[in-house]
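Here is how the chains run, residue by residue.
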Amino acid sequence: MKELEKVYNPQEFEDRIYDFWVKEGAFHSEPDENKQPFTIVIPPPNVTGQLHMGHALDETLQDILIRYKRMQGYNGLWIPGTDHAGIATQIKVEEVLRKEEGLTRYDLGREKFLERVWDWKKMYGDRIINQLKKLGSSCDWDRERFTMDEGCSKAVKEVFVNLYNKGLIYKGNRIINWCPQCTTALSDAEVVYEEQPGHFWHIRYPVKDSNEYVTIATTRPETLLGDSAVAVHPEDERYTHLVGKMLILPLVGREIPVVADEYVDKEFGTGCVKITPCHDPNDFEVGKRHDLEEILIMDGNAKINANGGKYKGMDRYEARKQIVKDLEEGGYLVKIEDHTHNVGACYRCGCTVEPMASSQWFVKMQPLAEKAIAAVKEDQTQFVPDRFSKTYLNWMENVHDWCISRQLWWGHRIPAYYCDACGEMIISKEDVHTCPKCGAPMRQEEDVLDTWFSSALWPFSTLGWPERTKELDYYYPTSVLVTGYDIIFFWVARMIFSGLEQMGETPFKHVLIHGLVRDSQGRKMSKSLGNGIDPLEVIKEYGADALRFTLATGNAPGNDMRYYPERVESSRNFANKVWNAARFILMNLKEEDLSFSAENLKPEDEWILTRYNEVVRDVTETLNKFEIGLALQKVYDFIWDLFCDWYIELVKPRLYAGGEESASAQKVLLYVFSGALKMLHPFMPFITEEIWQALPVEEKACVTARFPVYDSKLTFPAGAEKMEHIMETIKAIRNRRAEMNVAHSRKASLYIETAHAEWFEGAESFYQKLSGADRVFINQPAPEGTVKLVCNGANLYIPFAELVDIEGEIARLTKELEKAKGELARVEGKLSNQGFIAKAPAALVEAETAKKEKFLALIVSLTESIEEMKNK
RNA sequence: GGAGGCAUAGCUCAGCUGGUUAGAGUACUUGCUUGACAUGCAAGGGGUCACUGGUUCGAUUCCAGUUGUCUCCACCA
C-alpha cells in the first residue's frame, strides 16, 4: 500500500498522474462495437496559444462529461477544435512579421508566408496541448489527424462543389463589411457595433437650373463622392415636384437624379436621403431598384481612389476633413449636429469597417436555414438550457446570405478556376490548369474561405468524411457540443446546417451552453482591461482540481459566473478535506479482508449507506441532465458534511475499540469512500486518482473504474431513521452546551426520557464521543437540578443546574415555543383547509398530519419546561 | 426597434416539473491545538425571496404588468 503525503500538495502528483493515465491507455477511443460511443466536439482555443479562463471552463465541463461517460462504460472521443484557418492567425503572424522584420506578407510571397503561419501554428498548438494537460483534460489530441491537413481540405472542396452544384453558392457583387486593416471582407457576425459620438453634417444639394435646393444629412460626408441620387418618399408632398429632376452634386459637379423610394422615412430629418450604392447596404438596394450608377470611391485600405477626383489618395478620415472644409467654403454646409450612432468594427482588430460593394462568394442561406430550424424545432438537436434554442432560432429565421470569401492567404482557397482568355469559370474538386473550352491556362481564385466555413464541417471532416470511415459511422452524429453562448452564431448554427446538408443528420444531439467567466466585478475578462486571470497561475497555486471545482460549481447552466480567488481557495480546502479523510481511512484500515458485504451492519453503517445510495442516484440523474454544478454540490455535501463530519466521527469509537465491530466499520468506510471518490473523479480527477492508487481497491485506476450505481439492497430506512433521531439529539446537546459555555472537556451524565427507547439504544458511544456525555441513561429518573432539552420524541436531562441562567432559559424556551406555535398554526391552517385535504396528494396530507402531532407534543413539553423554570 | 437573462443572507450564488422550519460558499460573532484535517471542529446571528396583480387549496417557484440591471440581434440616412 502506498502512503499519502502528510500535506495535500497537488504539484507533487498532478503531472505524474497524467502520465499514468496516458500509460494506462485511459483515453483510448478506437471504435468498438461492444460499447456505445460518446463524442464531444469542442470549440477552438484562442489564437495566442495561451489558455484563458473561458477556454478552461469549456475544457473542464467537457472533461467532466466525458470522464463520467467513460466511467459508465461509454467509448468516449474528443474531437478537439483548432482555430485552423482563422483570420486572427494570419493577422497575428503579419503583426509579428511587421514588428520583427519590417516585412509585409506581400514581401514574402504566398508560399513563404504560409510556411511561417504554419510553423507558428504548430508552436502554439503544442503549447495549448501542454496547458490542457495541466488542467486534466483527457483529450487524446491527435494533431496529425486533427489539423488543417489534406483530409480537411478535401472535405472543404467537396462541400463547396456540392453546394455550388445545388445552386447554394454564388458569386456576386454585393455590399459587404470590409476591414481596411485586415484588408478582407467580413461576415455579418464578425462585425461588432459600438455607440460612438459623431456628427450629422447637413449639406445643401442645389437643383439644376433652379434656385431651389434640398438638404440632406449624413454621418459620413466623404461618401458624397460616390452619390448617384437623392431619394425622397413617394408620398412626401414637399418633394413630389422634384422627383425626376436633376441635382448638382457639390464639389464634384456630377448631375444626379431625385428618385422616389419607399425606403425613405418621411419623418426622419429633412426627408431626403443621399444614395451611395457602393458604400451602404440600403443604398445599394435602392440603386438596384432605380438602376443607378455604382461608384466605388475607396480602395482596400479605405483610401479614396481615382473616382474621388482631387481627393484621390487621401485616407477616409482625411478626406472627410477636407470635404467638410471645402463644403463650408463653398457654402454648401448648412449645419453640424452632434449625434451618437452605432459604428461597426472588425471583431478581430477593432478597426472601423467600411461597407463596400465588392465581388464576393456567398452561401444562399434560406434553404439551409429551413432545415436547420426544423432540426432544432423537432429536437434532433437540443440546446441546454432550452432558452438558447430561441436565440438560435431567432438568428436562423432572420439570417442573411453568408459572405464566405476572404481576401487572405491563410485558409482554404476557393476551388474556382478562371480562364482569362475566354472568361470560363470552373468549380472543381481537382486542380484545373487548362481551360477545357479554349485551352488557355487557368488560374485559381485568390480568395480563401471564411474560417467558419471549414470549422462548420468539423464534426464530420475530422472523422474522415467524405470517405465513409468506420470512425464516421461509429461516432457521427456526435453526442454533445459544449460551448459559450457567444459562439452560437459563429459556429454552432453553421455546424448544424452543414451537418444536415452534407450528412443528412444533425451533427450533435445536445448543445450545452455555458456563460462567460467574468472578473470579481462582473466585467468581461479582457486584455485591454488587464483583468484576465491566467488559469495556469491558478493551477500552480491551488492545483488543477481546485480550479476545475471552482469552474464547475456555484452557478446555473448558461449563466455568467464571477471569478473570485476566495472561491478557488475554498475549493482547495475541499480537496484538502478529501485528502485528510483518505489519510485517516488509510491509517485505520488494518483488516486483511476488506471486501464489503451487507452483513453485521450497525445503524450508522445503514445510515451512511442509505445516504450514499441516494447521492449516487441523484448525481447520476443530475449529470444526465447536464446539471453539472448541482451534481458536484451533492457530492461535496455528502463527502464533507455526511461522510467526514458525521460518519467518520460516529465510527471512531468502533475503530479504536478493535475487533469484529472495527472490521465491519473498515469495510463500510472503504466501500463508501471509494464510491464517493469515483463520483468525485470527473470533477477532481487528479486527487481522486492519487488517493485511489493508495487505497486497497480492486479496480486498477479511478479513471477507468465503473461509476457507482444505485443499489436498492443497500438502503435501510429504519436504520437511517434511528440515526437521524440520535443526530438530532446530539445537535441539541451541543447547541445547549455551547450556549451555556460548557467546556468540551467537561463531561456530564445524560438522561433520556422517551416513548421510543429503541431509537436511542446502543448510542452511548456516540453521545460520549460527540456530545460530552460520560454515562447515558434511558428512561431512568433524572436527579434534581438538571438542564432539560426538548427534542422531537424525547426529553433530555443533563445535570448542569448550577450553570443555568433561569431568566435566559425562560426567554430561550419561550422563543422556541413561539416558533413551534407558529409552525403548528401553519400546519393546522393547511389541515383545516378543505381544499387542501381534498386536492393535495395523500402523502403530503399525511406528512402534514405527522408534523402537527410533532409540534403539539413539542409545545406541551416546552410549556411544561417553562412552568418548571418559573417555579425555581 | 426586436429578443433574452438576472433581481433570494453583508458579498458571490444554488433552489430541477408549485407543498422545505428557504440553502451553500464566503464574511461576521463565540468556544475549541477532541489521537485525518486550524486549508480544521462545534455553535450562533443574519433573508417581507425587487414591486403589484392573477391562477391555485397552497406561489420564492407558474402567468401578466411595473421598476432596476445586464446581454444579444437589427440598425435610420
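Structural data are supplied above this passage.
Now for a quick tour of the structure. All values reported here derive from a predicted model rather than from experimental measurement.

Attention now goes to the overall build of chain A. A tally of helices and strands in chain A yields 27 helices and 27 strands. Whereas a compact globule of 872 residues would reach a radius of gyration of roughly 29 Å, chain A reaches 37 Å, over 25% beyond that. Taking the principal axes of its C-alpha atoms as reference, chain A extends roughly 120 × 60 × 55 Å. Out of the 872 residues belonging to chain A, those deemed buried represent 54%. Considering only contacts within chain A whose residues lie at least 6 apart along the sequence, 77% involve residues at least 24 apart. When the accessible surface of chain A is split by element, carbon and sulfur atoms take 48% of a total near 39000 Å². Within chain A, the 134 negative side-chain charges are centred at a point lying 1 Å from the centre of the 106 positive side-chain charges.

As a further point, take unusual backbone geometry. In the segment running from V384 into P385, the intervening peptide bond is cis, with an omega of -10°. Considering the arrangement of structural elements, one finds P385 in the loop between β13 (382–384) and α10 (388–397). In this structure, the amide linkage connecting W465 to the following residue, P466, adopts the cis form with an omega of 10°. The backbone phi angle of D379 is positive, close to 65°, even though this residue is not glycine. With respect to the helices and strands, D379 occurs in the loop between α9 (365–377) and β13. The backbone of N600 shows a phi angle near 55°, a positive value even though the residue is not glycine.

Any two packed helices are characterised by the angle at which their axes cross and by the distance between the axes. Viewed as axis vectors pointing N to C, α10 and helix α14 (residues 488–503) meet at an angle of 80°, and their least axial separation amounts to 11 Å. The orientation of α10 relative to α14 falls into the category roughly perpendicular. On α14, the residues that touch F388, T391, Y392, W395 and M396 of α10 are I488, F489, A493, R494, I496 and F497. Taken together, the residues of the contact of α10 with α14 break down into nine nonpolar, one polar and one charged.

To continue, consider the environment of S674. By secondary structure assignment, the location of S674 is in helix α20 (residues 659–680). The buried category is assigned to S674, whose relative accessible area is 10%. Note: C-alpha distance between S674 and Y612 (62 residues apart in sequence) is 11 Å. Not counting the four nearest positions on each side in its chain, S674 is found in contact with W692, L695 and V697.

The local shell around RNA strand B holds 59 residues, among which G554, N576, W640, N833 and K839 are the closest. Within 4 Å of the protein, the contacting atoms of RNA strand B are 62% sugar and phosphate, with bases supplying the remainder. The backbone of G554 places a nitrogen or oxygen atom 2.5 Å from a sugar or linking oxygen of RNA strand B. Contact between RNA strand B and D645: a phosphate oxygen at 3.2 Å from a side-chain N or O atom of the residue. Among the secondary structure elements, those contributing two or more residues to the surface near RNA strand B are β5 (191–206), β6 (213–218), α17 (565–588), α19 (628–657), α22 (717–739), α25 (806–831), α26 (834–839) and α27 (842–871). For the surface near RNA strand B, the per-class residue count stands at 24 nonpolar, 17 polar and 18 charged.

Its 30 residues give α19 an end-to-end C-alpha distance of 41 Å, which sits within 8% of 44 Å, the value for a rise of 1.5 Å per residue. F643 marks the point of greatest bend in α19, at about 45°. Directly beyond the C-terminal end of α19, a positive phi value near 80° is found at G658.

This paragraph deals with the sheet that holds strand β11 (residues 333–346). Backbone hydrogen bonds are what pair the strands of a sheet, in a parallel or an antiparallel way. Strand order across the open sheet formed by three strands is β6-β5-β11, with antiparallel pairing between neighbours. Of all the strands in the sheet, the pair left with one neighbour each is β6 and β11. Across this sheet, the average inter-strand angle for adjacent strands is 20°, counted without regard to direction. Bridge count for β5 against β11 is 13 bridges, and the pairing is antiparallel. Within β11, the residue paired with G198 across the bridge is H339.

Basis of the calculations
- Residues numbered from 1 in each chain as written.
- Chains lettered and ligands numbered in written order.
- Predicted model: local features only at pLDDT ≥ 70, side-chain atom pairs only at ≥ 80, totals over all residues.
- Heavy atoms only, no water.
- Helix = DSSP H or I, 4+ residues; strand = E, 2+ residues; numbered from the N terminus.
- Rg over C-alpha atoms; globule rule 2.2 N^0.38 Å.
- Buried < 20%, exposed > 50% of the residue type's maximum accessible area, 1.4 Å probe, protein only.
- Contact = heavy atoms within 4.5 Å.
- Areas by Shrake-Rupley, 256 points an atom, 1.4 Å probe, with all protein chains shown as cover.
- Lys, Arg positive; Asp, Glu negative; His and termini not counted.
- Charge placed at Lys NZ, Arg CZ, Asp CG, Glu CD.
- Axes fitted to C-alpha atoms, helices over the stretch in contact; angles between N-to-C directions.
- Parallel < 35°, antiparallel > 145°, perpendicular 65-115°, else oblique.
- Nonpolar A, V, L, I, M, F, W, Y, C, P; charged D, E, K, R; others polar.
- Near = heavy atom within 4 Å.
- Polar contact = N/O pair within 3.5 Å; in protein donor to acceptor, adjacent residues only side chain to side chain.
- Expected span 1.5 Å × (residues − 1).
- Bend = angle between axes of the 7 residues up to and from the residue.
- Pairing = 2+ DSSP bridges.

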